[in-house]
Amino acid sequence: MRPTSCAAPTHTSLVYDGDRAYATEAGGFLRAGLEQGQRALVMAPPSRMELVAAELGADADAVVFVDEAVAYEPQWNAYRVLLDHLATTPDVRTRVVAEQVLARRGPAELVDYRRLESAANVVFAGRAVDLLCPYDAGALSDGLLDIALRAHDGLQLRGSVVPNADFRDPFEELASLAAVVPPPADATTLDCSDESDVALVRRTVRALGSRDGLDQGVVDDLEVAVSEVLTNALLHGSPPTLVHLYEEAEMWVCHVQDGGGLPVDPLAGVVPPIEPSDHGYGLWLARQLVAAVDVGSDLTGTHVRLHVRMPG
Amino acid sequence: MILGAHRASADLGSLEPGTHLCALEPDAARLDRVAATFVGQGLAAGDQLLYVASEDQVDGLVRSLSRHLDAGQALATGQLLTSSLEGAYGPSGPVDLDAVADGFRLAAHQAQKCGFPGLRVAARMDDLAGLLGSMDEVVAWERKATDLQRDLQVSSVCLYDTHLLEAGQGATLAREHDGMAPDIDVAPIATFLAVDDPWGVQVRGEVDVSNRHLLHRLVLSRAAVTPRLRLDLEGVTFADACTIARLRSIAAALPEGGQLVLARVPAVVRRVLELTGLGHPQLRVEP
């Protein structure tokens, strides 16, 4: 018999209505894995973790629970939690229940979450993992429930998985989510065509971020993220290299634009380099440091937008 | 190569090894400033510096440098060497220019043996004509020095007080150099100074795409002498992922028994280490 860890990974959504349905479906999914000697990871809000724990009883001791407020802060950290978990026991298959509170997310973060869900189909190919993503039918708008349909090739219904006809090819979906948004006319724009300008951008981000009341920790992380993205633009893009700073939909945006170069891999920096490397960490680091990252290119060049939350 | 003024500090930081620069200034105070810029930027970039000047001029340089970096430490570790003109060229002048060239060669070799990536020399030239016998001999030496320095990868600035020159001599001297040294002093965003005990490097300021190669070459030079070394990062206010990733690679490539210790690691560096997951048994991060 083939070891279960070799079977293809699965990425399934569960559209649930009410606590009872959630506990039965998510609990049943995890129990089936535990009974086969598999591992279990739950990234979810506390109320959901409690439902799973109650449903599994003593079996819950074998489950690793991570509060979604930690796992999804920022959203791409969920990949890191997952990859770290898989790395500890690469030969044992893992069942994962992954759900965050989408209601607290702004528009830019929700677009990024669509990318995160679609990219998971590619990123975790070849991994010994089964992902179940619950979506709360009672709380979420049709627009958000739409993510459940587009990004998962299976739907869990009453304990079994059925193929999902609405599943979209991840690369098509990621391309459709990569539209370039030009900077507004009133943006502060810095010309950064020299390597010594990266330090000047950090100073400007610090000064303007503090002026606009961003948290100190947010500014610290944004300085690292913009340095990484700007360095990529200087080393791999073409001039002119510009940094635009502006506010958009409750977010403070740091927008790096260069004249363009090689086509941008839609999965660049979604996961860190597999082997330790001298480079290739920039976009990964940016996604671990800010609330949302848009990457796109068109005739105006390559655009990377780093979003952080405004206070209040 | 003629260095412009507005990019002067960046250019001096990553000065192409073997560049032969000249300064022609009308007074000692401005020559002091050019010397301090050249020596300060060179030390910050991790190179060994030799300042050929009088005792008073050396004292003035150390005072001026101390605004930006620990000049006392640079003197103690031998990263900053000083010498009188007689000490550098021999008390009764060199027997011939080949003897001077041999001295240069020895000093460049010694710099690498002491764990520095390169040697830079700043020299007050005012008394050289007296020592060599004539201004023609000085010009002949300068001509020889351009090729020699390129060959040895030693950069220098030759500091001339134009009040002591005759008409036309300044232009003749300038022609024998690759360019003019800047006389503005913009502090570099980071300083990379050698430390002897424990063997390693003290890093202060911001390390990014503009200067990380300077840190890496100093660490490699130190590691070539002793593969167990410590980086004091307490004064680091920024370091990008590539800076850290390359340090990991350097640690991983150390010979068996080697170790690169990151000491007094600030939060901004810990964050990058944590998020990249970079680590290696030969890279030790002090708690």
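Our structure is the block above this text.
Please read all numbers here as calculations on a predicted model, not as lab measurements.

J.: Would you mind going over the overall build of chain B in detail, with residue names and values included?
T.: Looking only at helices and strands, one finds 12 helices and 11 strands in chain B. Taking 19 Å as the expected radius of gyration for a compact globule of 287 residues, we find that chain B reaches 20 Å, a close match to that expectation. Taken over the C-alpha atoms alone, chain B extends approximately 65 × 35 × 30 Å along its principal axes. Burial statistics for chain B: of 287 residues in total, 56% are counted as buried. By sequence separation, contacts in chain B at least 24 residues apart represent 78% of the contacts at least 6 residues apart. For chain B, the accessible surface area stands at approximately 11,900 Å², while carbon and sulfur atoms represent 52% of it.

J.: Break down the pattern of salt bridges for me, with residues and values.
T.: Under the definition given, this model contains 40 salt bridges over all chains. When the shortest N-O distance is used, the salt bridge between B:Glu206 and A:Arg202 registers 2.8 Å. Highlighted residues: B:Glu206 in strand β8 (residues 200–207) and A:Arg202 in helix α8 (residues 197–211), drawn from two different chains. Between B:Glu25 and B:Arg30 there is a salt bridge, and its shortest N-O distance comes to 3.3 Å. The exposure class of B:Glu25 is buried, given its relative accessible area of 9%. For B:Arg30, a relative accessible area of 34% corresponds to the partly exposed category. The network of salt bridges with common partners includes A:Glu68, A:Glu73, A:Arg104, A:Arg105, A:Glu109 and A:Arg309.

J.: Report on the interface of chain B and chain A, specifying residues and quantitative values.
T.: Where interface size is quoted, it is often the accessible area lost as the parts come together. Each partner contributes to the interface: chain B provides 22 residues, whereas chain A provides 24 residues. Carbon and sulfur atoms make up 56% of the area that chain B and chain A hide from each other, which totals about 2,000 Å². The salt bridge partner of A:Arg202 is B:Asp208, with a shortest N-O separation of 2.9 Å. Where chain B meets chain A, there are eight residue pairs in polar contact (both at pLDDT 80 or more). Counting only elements with at least two residues in the side of chain B that touches chain A, the list comes to α11 (241–252) and α12 (267–276) of chain B. In the side of chain B that touches chain A, the residues fall into 10 nonpolar, three polar and nine charged.

Rules of the game
- Residues numbered from 1 in each chain as written.
- Chains lettered and ligands numbered in written order.
- Predicted model: local features only at pLDDT ≥ 70, side-chain atom pairs only at ≥ 80, totals over all residues.
- Heavy atoms only, no water.
- Helix = DSSP H or I, 4+ residues; strand = E, 2+ residues; numbered from the N terminus.
- Rg over C-alpha atoms; globule rule 2.2 N^0.38 Å.
- Buried < 20%, exposed > 50% of the residue type's maximum accessible area, 1.4 Å probe, protein only.
- Contact = heavy atoms within 4.5 Å.
- Areas by Shrake-Rupley, 256 points an atom, 1.4 Å probe, with all protein chains shown as cover.
- Salt bridge = Lys/Arg side-chain N within 4 Å of Asp/Glu carboxyl O.
- Buried area = accessible area lost by both parts, 1.4 Å probe.
- Polar contact = N/O pair within 3.5 Å; in protein donor to acceptor, adjacent residues only side chain to side chain.
- Nonpolar A, V, L, I, M, F, W, Y, C, P; charged D, E, K, R; others polar.

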